[in-house]
Number of protein chains: 2
Amino acid sequence: MDFFFNPKNVAIVGASIGSGKLSAVIMENLVSSYGDRVYPVNPKYESLMGLRCYPSLKAIGDNVDLAVFAVSANAIPGLLREAEGVLRGAIIISGGFGEAQGEGERLDAGLRSAIKDTGIRVIGPNCLGVLDAHSGLDTFFIPKDRVKRPKPGRLSILSQSGSFALTAVDELAQEAIGVSRVVSYGNMADVDESELLEYLAHDEMTGAVALYIESVGDGRRFVESARRCSMKKPVMAVKVGRFDAGVSAARSHTGALAGRYELYRAGFRKASIIEAHGYEEFIDGCKALGSSVRAKGKRVVIITDGGGVGVNIADACVGARLEVDPVSDGLKEDFKKFLPPYCSLANPIDLTGSVLDEWFSETLAHALKGDLYDMAIVAPLWGPPGLTDRLPRLIAEAGRASNKPVIVCTPGGAYTKAKMRLFRENGFAVFTSPESAARAAGILATGA
Amino acid sequence: MDFFFNPKNVAIVGASIGSGKLSAVIMENLVSSYGDRVYPVNPKYESLMGLRCYPSLKAIGDNVDLAVFAVSANAIPGLLREAEGVLRGAIIISGGFGEAQGEGERLDAGLRSAIKDTGIRVIGPNCLGVLDAHSGLDTFFIPKDRVKRPKPGRLSILSQSGSFALTAVDELAQEAIGVSRVVSYGNMADVDESELLEYLAHDEMTGAVALYIESVGDGRRFVESARRCSMKKPVMAVKVGRFDAGVSAARSHTGALAGRYELYRAGFRKASIIEAHGYEEFIDGCKALGSSVRAKGKRVVIITDGGGVGVNIADACVGARLEVDPVSDGLKEDFKKFLPPYCSLANPIDLTGSVLDEWFSETLAHALKGDLYDMAIVAPLWGPPGLTDRLPRLIAEAGRASNKPVIVCTPGGAYTKAKMRLFRENGFAVFTSPESAARAAGILATGA
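Nothing here was measured: the structure is a model prediction, and the numbers come from that model.

Caption draft 1: A look at the overall build of chain A. Helix and strand counts for chain A stand at 16 helices and 18 strands. For 448 residues, the compact-globule estimate of 2.2 N^0.38 gives 22 Å, and the C-alpha radius of gyration of chain A, at 25 Å, lies within 12% of that figure. Of the contacts made within chain A by residues no fewer than 6 positions apart, 73% connect residues no fewer than 24 positions apart. In the structure as shown, chain A presents an accessible area of about 16100 Å², 50% of it carried by carbon and sulfur atoms. Here chain A contributes 51 positively and 52 negatively charged side chains, and the mean placements of these two sets differ by 2 Å.

Caption draft 2: Molecular detail of helix H11 (residues 307-319) of chain A. Residue and element names in this part refer to chain A. With 13 residues, H11 extends 18 Å from end C-alpha to end C-alpha; this agrees with the ideal 18 Å at 1.5 Å per step. In terms of burial, H11 is a largely internal element, 11 of the 13 residues being buried. Residues of H11 that are buried include every one of Gly 307, Gly 308, Val 309, Gly 310, Val 311, Asn 312, Ile 313, Ala 314, Asp 315, Ala 316 and Cys 317, and no others. Arg 321 sits one or two residues past H11 and shows a positive phi near 60 degrees.

Caption draft 3: Structural context of the relation of the copies chain B and chain A. Placing chain B over chain A gives an RMSD of 0.0 Å and needs a rotation angle of 180 degrees, together with 0.0 Å of translation along the axis. Accordingly, the operation relating the two chain copies is best matched by a two-fold axis. A shared interface surface links the copies, since 100% of the contact residues of chain B are contact residues in chain A too.

Caption draft 4: Broad picture of helix H9 (residues 261-270) of chain A. Residues and elements named next belong to chain A. Of the residues making up H9, those classed as buried are Tyr 261, Tyr 264, Gly 267 and Phe 268. For H9, the angular spread of the buried residues around the axis is 120 degrees, confining them to a single face. Every exposed residue of H9 that faces more than 90 degrees away from the buried side is listed here: Leu 263, Arg 269 and Lys 270. Buried residues belonging to H9 abut strand S11 (208-213), helix H7 (219-230), strand S12 (235-239) and strand S13 (274-276).

Caption draft 5: Structural detail: the interface of chain B and chain A. On the side of chain A, 65 residues touch chain B, which itself brings 65 residues to the contact. Three residues stand out in chain B for area buried against chain A, namely Arg 146, Glu 280 and Asp 315 of chain B, and they jointly supply 15% of the buried area on that side. Counting across the chain B and chain A interface gives two salt bridges. Of the charged contacts in the structure, one is a salt bridge between Arg 439 of chain A and Glu 280 of chain B, with a shortest N-O distance of 2.8 Å. One can count 28 residue pairs in polar contact (both at pLDDT 80 or more) joining chain B with chain A.

Caption draft 6: Fine view of the pairing of strand S16 (residues 375-379) of chain B. Residues and elements named next belong to chain B. Judged by how many residues are buried, S16 sits mostly within the fold: five of five residues are covered. A two-sided burial pattern is seen for S16, the buried positions comprising Met 375, Ile 377 and Ala 379 on one face and Ala 376 and Val 378 on the other. With five bridges joining them, strand S14 (residues 300-304) and S16 adopt parallel strand pairing. Residue pairing for S16: Ile 303 is matched across the bridge by Val 378. Sheet topology places S16 next to strand S17 (residues 406-409); three bridges connect them, and they run parallel. From the neighbouring strand, Ala 376 faces S17, where its bridge partner is Val 406. Since S16 and S17 lie parallel, the crossover through helix H13 (residues 391-402) that links them has a hand, and here it is right-handed.

Rules used throughout
- Residues numbered from 1 in each chain as written.
- Chains lettered and ligands numbered in written order.
- Predicted model: local features only at pLDDT ≥ 70, side-chain atom pairs only at ≥ 80, totals over all residues.
- Heavy atoms only, no water.
- Helix = DSSP H or I, 4+ residues; strand = E, 2+ residues; numbered from the N terminus.
- Rg over C-alpha atoms; globule rule 2.2 N^0.38 Å.
- Contact = heavy atoms within 4.5 Å.
- Areas by Shrake-Rupley, 256 points an atom, 1.4 Å probe, with all protein chains shown as cover.
- Lys, Arg positive; Asp, Glu negative; His and termini not counted.
- Charge placed at Lys NZ, Arg CZ, Asp CG, Glu CD.
- Expected span 1.5 Å × (residues − 1).
- Buried < 20%, exposed > 50% of the residue type's maximum accessible area, 1.4 Å probe, protein only.
- Least-squares fit on C-alpha atoms with pLDDT ≥ 70 in both.
- Arc of directions from axis to C-beta.
- Buried area = accessible area lost by both parts, 1.4 Å probe.
- Salt bridge = Lys/Arg side-chain N within 4 Å of Asp/Glu carboxyl O.
- Polar contact = N/O pair within 3.5 Å; in protein donor to acceptor, adjacent residues only side chain to side chain.
- Pairing = 2+ DSSP bridges.
- Right-handed = clockwise from strand over helix to strand, strands pointing away.

Right, here's the structure in full:
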């Protein structure tokens, strides 16, 4: 399936220009990374954006790796049949198939038989297609000024919902988390989440997989594919339409009946999938898996300069089934060599408003050195005057030496948010509430 | 207790200048709003910041409404006794009393007997004191460039933890939510949360109260005070140190043994307190109570242009014990008059990527008009080109006409975050995840 992610050339069926048109946005995004390897297809035009425009895929006179279809649903089965023999893969953006009833169901059947007869592989319909941060392929039809694209990274995302995929990549771009392959796969007339998981399992550019599911086609196959993938790299999934309220909405959204939640949970466990409970945990998990090593156990040390926030984090960690064990007497003796007596050396460790940068980094280094803790949540509140811009680098150095996850939690307002950039520059994802930090820690420790 | 919030004059015992000193920060903040009604007290100086500096409170030669004490703990009982007869209220910033053992316990006893003997009312010790957005009184010792102060508003906050109070006001300032009285009350040597609740119950400047508790002194009195307050205005509380892990930390933090969580929950129910479960829900609740009317019931309508995100919100609402009832046939007929047939008219209502501004506002107006729904969550994803900067105003107008809560949920990245300002200018709090919107809705509907 490499041609879906790194095609040698790409056609746009229904190409056009002009503001507000989906196909124009796709055209611009593709040309910006694929240049003259883009073939516009539309009988109405001779040329588009300086590229020759072809009346049909066949007229290109070359084999085409990938074509993006942005034409009305009823034209698509015929166009696929015409392209037999010259086209390997198709991304069908258009809606109006299974998710609309009556006419939609008839078109869906026509599409599926065209796929079967031609052997052309299809992602979609009713989807955004593929965003590949390494090859630069980008079939998402939302302009980049509205939805930012993340930098290249190791996290791949599979999403049944297009709006969810958009929102997730936009948030990850904002958080400076890199991605590898992102697929909005829609109605699954051909390629489904199981086949994509098989591909990502063997994909060297993918270090972790995050999956948004409303429903799966074949449950048994999904569990097997996911298990094979999760043996090689972490696989996290969120299942939405968990409650009755969501069921009818998920059905009309992609035409699939959302399955019973408990069955999904059992499947997740069997496949060693890390379950994310809802949107926030999905995003927190993406940030954690996209920026950190996994934890080898569930024991967390919490280091802060704000006692109240430390207690909140401890509460949230216990709620996320992590272990917040007390600091050992031996470790306390270590701390006392460089911390003043008014610091609280319980867990959370409270460095108080008198804190200096090095108190954080040295406490972290000592806490993670032995076998007492598997990871740390470091929560600097930026009020105290002793904290400077050196802090993120010092924490990063102490964390790297341990090879254990270090999760940064910085709740606050404008000053705090301005400092997040420094943490991101040092490779950290930044979490802005005690609960989000605990969710991230929980995701990294699942299965440990 | 008005003198704690709107004193006619205020002294600073231990006044000084110079960067990094707590008393210097307090001095600057007080002078900026109280001008020459500030009396610096410190025998080391003749004058400070152009104001005459006095060797003692008595030497001022005037009755003093409020004095902020920022000197070492062991000096305070003696200074209070010296001030007998000239001082009404004291805010004691200094730590080192009950929260440190041994010597701290002895000093705590000395402080309590000085309070009893002199009749001076005391907030603290080990606290930040009072931030009053209406009078301008600000005894928080963190500079304003590090922690922003919110604009004047109707929400009052009581917090046992100083760091929690700081983080909360910083976040609320960032979110453009106004506050009335904010009190960080620390160790409660005299004034406690119950007395503050009694005061706020009758305070015309307070429309809602948010309370951060690690422990309460007298449980029965707390429940009675809170019940009297919640009969007049909404009272929300978060109890931290909920789990064993938190208990020891909360103890060393303010010297109080965190009580058993279930007892608190029972007390909250008895007092009709809205319980917030952790930091995120506390902040979400502050934003909701600080910007919206309460809901008269639990029935939510969800309006979005992103199907996947809509399903997520529905899931989160059901998780927050709200009701996500289907749209009635009559209402569907209303919608069909102005919405195209491909919009999904279940609940969530999906206006799709073809959405225009008016689809949101008209759908909202119709949905809230009758008796079918008690509130709305409106979740515009900003990808679709049909959405413009007029959207927040149109949604605000439709919402105001209904007199029901309208909660705005806009997950996303840079473009979305830039648009939040428009919602805030129209009086909305903005929630950035499905779960945070559902938590806000849940807080507004508690007790309905």
